[in-house]
Amino acid sequence: MTTTTAEPASASRRALARMGQALQGRDFRIWFYGQLTSASGALAQGVAMSWLILELTHDAVWLTILTACSWGPTLILGPWAGALVDRWDRRRLLLITQGLMMAIGLTLALLVSLGGIHLWILLALATCAGLIATVDSPARQVFVVDLVGAGAVASAVGLWEVALNASRVIGPSIAGALLATNGPAFCFAFNALAYTAPMIALIKLRPPSGGPRPETAAPVPPAAASPAPVDAPKAGARAGLSYAWHSPLIRGLLPMSAASGLIFAMGLTLPPLVSYSLHYGGGGYGLLMAAFGIGGLPGALFAAAAPEPTPRRVRTLALATSAAILLTALSPTIHVAVLGMAAVGFTSIRFIATANTLAQLRSAPEMRGRVMSLWGSAMTGTLPFTGLAVTFVSQHVDARIGFAISGAALLLATLTAWRALRPAI
């Protein structure tokens, strides 16, 4: 009896140790807390920009154009941004990108407070932010490996998902309060202020190397390696695309990333489901978004506590996520939909954290930046096109079908990548 009860306790201790593995490092702790504040600020700014555009145009179509301005650069320039991340010192690169993000927030705050804001200025600054994010996003993801090493990447990515889910609650809540009391200028100022913490963190951090660290990278399986040797200093965007294409695992994961992008763009698919199919207003929308966040927090914690990810685990989590989305789309009442959204949050966050970690660990160190940029291009860069298609279906065909498309797309992508996700890889 003692042995039986000791085994689960021992397993729990091992899981907790894995979860806190990344936080044991001083550098990652500083970076983690700084990213929590900046992510909250970025989401607050996104809420304010959407609200301001609706105030200026009174036309929701402009929100789709805002999405294209914000995420379009990632699709077009992602491979080149990844090559830049692989060549440059990541800490210095992030000092530039995070500083520019702070400058955009300050500019928006000043223009709105002085009454000089116009639609074209908002879209231009959103495009600038999208261009910067094209470099900033893969740089932040690969910088984690520089800070913690490949052995703690699963813990670090899982904890980042914890911070991201917390920011999904903190950022919009602060934005709502500021919009109601002080106006959008204070939301933009809050975002600019939120970048102070990561800027200070980057100044203090001194990772062993700001570039690839081959000595800590997980061995790349033969099936995931490029057929030709890669010269990191001279390799560019084309080499990154070729590497991803010739790696069955990466080639299988990228369409899954693209399909999951719609899951994290609930602002496009969830309002029609709530309004047209479940017949609730803004309160119902907020309730379902809260359920998604509540489910996502334990999902991220489980991802952080899990051992090194395997293709089979990614495949299982993708199937579970697809099932949760499809069941939510069929929910007959708001109460069933709340449970469904909690399940979607739990499974999708675990899936995306696990798949992201697997992609990083199975990529050659000198190609990690390019793979992560392609990952971002697939997930968010395709949103201007997939989002437009889904909103059209939700508006003109059926809201339940529009919501279910992301689950069906992820299921199709998983089945297509089935051979690449076999345990033997």
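Only a predicted model underlies this, so the values are computations on that prediction, with no experimental measurement involved.

J.: Describe in detail the packing of aromatic side chains, supporting the description with residues and values.
T.: As enumerated under the stated definition, the model contains two aromatic pairs in all. Ring centres of Trp 31 and Phe 143 lie 5.3 Å apart, and the angle between their planes is 75°; on these two criteria the pair is classed as edge-to-face. Here Phe 143 lies in helix α5 (residues 119-148) and Trp 31 lies in helix α2 (residues 26-57), a separation of 112 residues in the sequence. As far as burial versus exposure is concerned, Trp 31 and Phe 143 are alike and both buried. Between Phe 302 and Phe 346 the ring centres are 5.6 Å apart and the planes differ by 80°, which places this aromatic pair in the edge-to-face class. Of the two residues, Phe 302 sits in helix α12 (residues 282-305) while Phe 346 sits in helix α14 (residues 334-361), which places them 44 residues apart along the sequence. On the accessibility criterion, Phe 346 (28% relative accessible area) is partly exposed. In this arrangement the basic side chain of Arg 251 is found over the ring face of Trp 245, its NZ or CZ atom lying 5.2 Å from the centre. Lying over the aromatic face of Trp 418, Arg 315 brings its terminal NZ or CZ to 4.1 Å of the ring centre.

J.: Could you give an account of empty space enclosed by the protein, naming the residues involved and the relevant values?
T.: Taken as a whole and judged by the stated rule, the model has two cavities of 30 Å³ or more. Size it by volume and the second largest cavity reaches roughly 30 Å³. Around the second largest cavity, the lining residues are Leu 262, Ile 263, Met 266, Thr 269, Ile 325, Phe 403 and Ser 406. Counting only elements with at least two residues in the lining of the second largest cavity, the list comes to α11 (266-277) and α17 (399-416).

J.: Can you explain the environment of Gly 345? Please cite residues and give values.
T.: With respect to the helices and strands, the residue Gly 345 is situated in helix α14. Distance in space between the C-alpha atoms of Gly 345 and Gly 293 is 6.2 Å, their sequence separation being 52 residues. Once residues lying within four places of it in the same chain are set aside, the contact partners of Gly 345 are Phe 292, Gly 295 and Gly 296.

J.: Tell me about the environment of Pro 248, and name the residues and values.
T.: Following the sequence through the fold, Pro 248 ends up in helix α10 (residues 248-261). Sequence separation between Pro 248 and Ala 420 is 172 residues, and the spatial gap between their C-alpha atoms is 5.5 Å.

J.: Residue-level account of the pattern of salt bridges, with values.
T.: Evaluated as defined, the whole model comprises two salt bridges. The shortest N-O distance in the salt bridge between Asp 86 and Arg 370 comes to 2.6 Å. Residue Asp 86 is found in helix α3 (residues 61-87), and its partner Arg 370 is found in helix α15 (residues 368-381); the two are separated by 284 residues along the sequence. On the basis of relative accessible area, Asp 86 is assigned to the buried category, the value being 7%. Owing to a relative accessible area of 1%, Arg 370 belongs among the buried residues under this scheme.

J.: So what's going on with α10? Which residues, and what values?
T.: For α10, with 14 residues, the first-to-last C-alpha span of 21 Å sits near the 20 Å given by 1.5 Å per residue. Buried residues of α10: Leu 249, Ile 250, Gly 252, Leu 253, Leu 254, Met 256, Ser 257, Ala 259, Ser 260 and Gly 261, and no others. Tucked inside the fold, the buried residues of α10 contact α9 (237-246), α13 (311-329), α14, α15, α16 (383-396) and α17.

J.: Give a description of the side chain of Ser 38 that names residues and reports values.
T.: Within the secondary structure, Ser 38 sits in helix α2. Polar contacts involving the side chain of Ser 38 include one to the main-chain carbonyl oxygen of Gln 35, which spans 3.2 Å. Excluding residues that lie within four positions of it along the chain, Ser 38 makes contacts with Asn 191, Ala 194, Tyr 195 and Pro 198.

J.: Help me get a handle on the confidence of the model for the chain, residues and values and all.
T.: Averaged over every residue, the pLDDT of the chain is 78; residues scoring 70 or more account for 80%. No element of the chain has a lower mean pLDDT than helix α1 (residues 2-19), which averages 53, and none a higher one than α13, which averages 94. This model gives residues 212-235 a pLDDT under 50, and the stretch forms 46 contacts once residues within four places in sequence are excluded.

Thresholds applied
- Residues numbered from 1 in each chain as written.
- Predicted model: local features only at pLDDT ≥ 70, side-chain atom pairs only at ≥ 80, totals over all residues.
- Heavy atoms only, no water.
- Phe/Tyr/Trp six-rings, centres within 6.5 Å; stacked < 30°, edge-to-face > 60°.
- Helix = DSSP H or I, 4+ residues; strand = E, 2+ residues; numbered from the N terminus.
- Buried < 20%, exposed > 50% of the residue type's maximum accessible area, 1.4 Å probe, protein only.
- Lys NZ or Arg CZ within 6 Å of the ring centre and 35° of its normal.
- 1 Å grid on protein atoms, 1.4 Å probe; cavity = no way out; pocket = protein on both sides within 12 Å on 5 of 7 lines; lining within 4 Å.
- Points joined across faces, edges and corners; volume = space filled by probe spheres on them.
- Contact = heavy atoms within 4.5 Å.
- Salt bridge = Lys/Arg side-chain N within 4 Å of Asp/Glu carboxyl O.
- Expected span 1.5 Å × (residues − 1).
- Polar contact = N/O pair within 3.5 Å; in protein donor to acceptor, adjacent residues only side chain to side chain.
- pLDDT = per-residue confidence, 0-100.

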